[in-house]
Amino acid sequence: MIKIKIAMGVIDEKQYDIDYDLIDKDITLEDLIADLKINKTHIGGILLEGKPKRLDEKIKDNSEIYILPLLGGG
Amino acid sequence: MDKTLRINVRTKEATYENTPDEYLKTGGRGLIAKILLKEVKPTCEPLGRNNKLIFAMGLLTGTNASSASRVCIGSKSPLTGGIKESNAGGITAMRLAQLGLKAIIIEDIPEDDKWYYIKVEKDKCTLEPADQYVGMGTFEFCQEMLEKYPDSAVTCIGPAGERQYSAAGIATMDKDKKPNRYSGRGGLGAVMGSKKIKGIVVIDKEPIKIADKKKYKEALKEYTSIINEAPSTLGYKTLGTAATARLSNSLGGLPVNNFSSGEFKEIEQISGENLYKVIQERGGEGKTSHACMPGCIIQCSNIYPDKEGKTIVSPLEYETIGLLGSNLGIADFDTIAKMNSLCNDIGIDTIETGAAIGVAMEGGIAKFGDGEAALRLVKEIGEGTILGRVLGNGAVITGKVLGVINVPAVNGQAMPAYDPRAIKGMGVTYATSPMGADHTYGSTLKAKIEQTSTEGQAELSKNTQKNVAIIDSLGLCLFASGAIGNNHQLLVDLINARHGWDMDVKELKRISEETIRDEHRFNELAGFSIENYRIPEAFTERELPNLKSKFDVRDEDLGQVIVDFKN
């Protein structure tokens, strides 16, 4: 089981907390967001155990994931 | 409180004036627009005696509200020929507001060849000789000032401003006393150089006066809590603005090789995630999160170190990564950071510089992807070679000199790192902003809209522009506004408590509308017509290959944005 927090603004104006059953051990962050049907262009970044990770990062069981809303440039 | 300091660089006189009533209930960008419209002839030569350089404090500047003390600097722009305001973080505005200053107006040009710096103390301002500092980079100048005045806050120009390059910016010290924060856009550094002012040095510190401390405390508590809990704050704190590289690339609008493509094969190397990883691995002085001004909760800045852990530059941000990175075909953070650091020291805008070098690469001066050549070109800007001077005057001049017609600029100013053919709302903002291509005038990047569709983009841009005009008049950072959203009542509560006013949200919106109207009026009087507010043919005729898209928002829709703002 992995814990996923989807920030307000990613899907809609609500925050979502999801417990996700990790059946496929080779799943990446990119696979996960595809499975959750989240539009990639609505994501500002993904934190795995509090650290930003690339989309090809593999997910381990019992992980905590935070999907962040869009950020702007500076 | 709320005085205006007027400095005449010809007579060397500095006088404190009561700020006129009509200026009191605006600040920052809004105040700059009002002063320019009233005091500066819009057709004046930007580097001549009739232009003025204005530093304006926002309505919340100087308080301990997070991210509320950006320095707003404005003038008629030598780059665009229109009105210009460019704001940055750092510590100078906070200190000036705390000394009771609402604005500084620097006027005229000197009759002699002597350089000065402006020394601001409590209720006292003098022009101090600065000939010995001419030619110094911003870092050395700031160091010299710190040795003389250890607790000072400094805003200054480098050699680019001294030479009056149209892309010269004005640097402001961050809270670590390094001149890393930039009012980079529009050539404001050249205006400062034309007045032979090397820097402004703020010596004294005072506590800010809060009219209603109880109400202020209550509003501040809510404001702080909202920013603290906003998911975007965590995002900026970990990934910083570099997170935008992946998004722009996903949208197909990351500038690559002089905006000839919107997708970068080596995106992973310049992503926010990789930036975080490299900084973490190198350690030393590197920091993935860093505040540019005291009290900032968001801390989107960073310190990028070399392999030995020594600082190369702070911060390394998205626009720079886009323009000096992918736009030049360069995917190496070290090279981008070195160019960024050089630009900061020379005192030149990284966006304009990256765009100019991109144009130069298309013109055959160097090959895309050649980091060493790009670094050499930035050095030439600092050295003042003929080619360096061409580049230092921006992308449009570079295009003209080299016969390149694909120039990513609107009204003289280079586009930031969003291709308007992929992110069309941003294109509307570039086209209709009175400041040339400026993403901070109304970024539509985060809107949940089909970014390549033409529908709804003009309205989206217009609404974003209105919101930004509020934020810019408060001295607030756009990232704080992202957390606060449309909670304008909270901002009004903070303003009222700070100043003892009874302003309402309607009045805040009036400030926004007036600001934009004043800016367009200035440009109109400077000779701009509705037909000037367009995206160049390089983007309306030339397809972005990865999306097969052109910028095709209708001219009538662009024109309507201007008409709506003027009325």
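Everything here concerns the structure above.
Notes on the structure follow. (Residues numbered from 1 in each chain as written. Chains lettered and ligands numbered in written order. Predicted model: local features only at pLDDT ≥ 70, side-chain atom pairs only at ≥ 80, totals over all residues. Heavy atoms only, no water.)

Points about the state of the cysteines
All names here are of chain B. Rule in force here: Any two cysteine sulfur atoms lying within 2.5 Å of each other are counted as a disulfide.
Overall, the coordinates contain zero disulfides over all chains when judged by the stated rule. Unpaired in terms of disulfides, Cys296 finds its nearest cysteine sulfur in Cys292, a separation of 6.1 Å. The cysteine Cys477 is free of any disulfide, with Cys300 supplying the nearest cysteine sulfur at 5.9 Å.

Quick look at the interface of chain B and chain A
Filter applied, for reference: Contacts are residue-level and defined by heavy atoms, with any inter-residue pair within 4.5 Å sufficient. What counts as buried area is the accessible surface, traced by a 1.4 Å probe, that two parts surrender upon association, with contributions from both included. When a carboxyl oxygen of Asp or Glu lies within 4 Å of a side-chain nitrogen of Lys or Arg, that pair is called a salt bridge. N or O atoms closer than or at 3.5 Å make up a polar contact, with two conditions inside protein: a donor-capable atom paired with an acceptor-capable one, and, for residues adjacent in sequence, both atoms drawn from side chains. We count a stretch as a helix when DSSP gives it H or I for four or more residues in a row; a strand needs E for two or more, and each element gets its number in order from the N terminus.
Counting residues at the interface gives 27 residues for chain B, matched by 23 residues for chain A. Both sides of the chain B and chain A interface together cover about 2100 Å² of buried area, and 68% of this is carbon and sulfur. For the pair chain B and chain A, the interface holds one salt bridge. Note that Arg54 of chain A is salt-bridged to Glu268 of chain B, the shortest N-O span being 3.4 Å. The tally of links between chain B and chain A comes to four residue pairs in polar contact (both at pLDDT 80 or more). Secondary-structure elements contributing two or more residues to the side of chain B that touches chain A are helix H8 (231–238), helix H9 (244–250), helix H10 (272–282) and helix H11 (318–325) of chain B.

Comments concerning the pairing of strand S4 (residues 71–76) of chain B
All names here are of chain B. Defined as follows: Buried, partly exposed and exposed residues are distinguished by accessible area as a fraction of the type maximum, computed with a 1.4 Å probe on protein chains only: under 20%, between the cut-offs, and over 50%, respectively. Only strands joined by at least two bridges in the DSSP assignment are considered to pair.
Among the six residues in S4, six count as buried, and that is most of the element. Here S4 shows a buried face lined by Val71, Ile73 and Ser75 and a second buried face lined by Cys72, Gly74 and Lys76. The pairing of strand S3 (residues 52–56) with S4 spans three bridges and is classified as antiparallel. Within S4, the residue paired with Ile54 across the bridge is Gly74. Joining the antiparallel neighbours S4 and strand S5 (residues 83–88) is a turn of six residues, in which Gly81 adopts a positive phi near 80 degrees.

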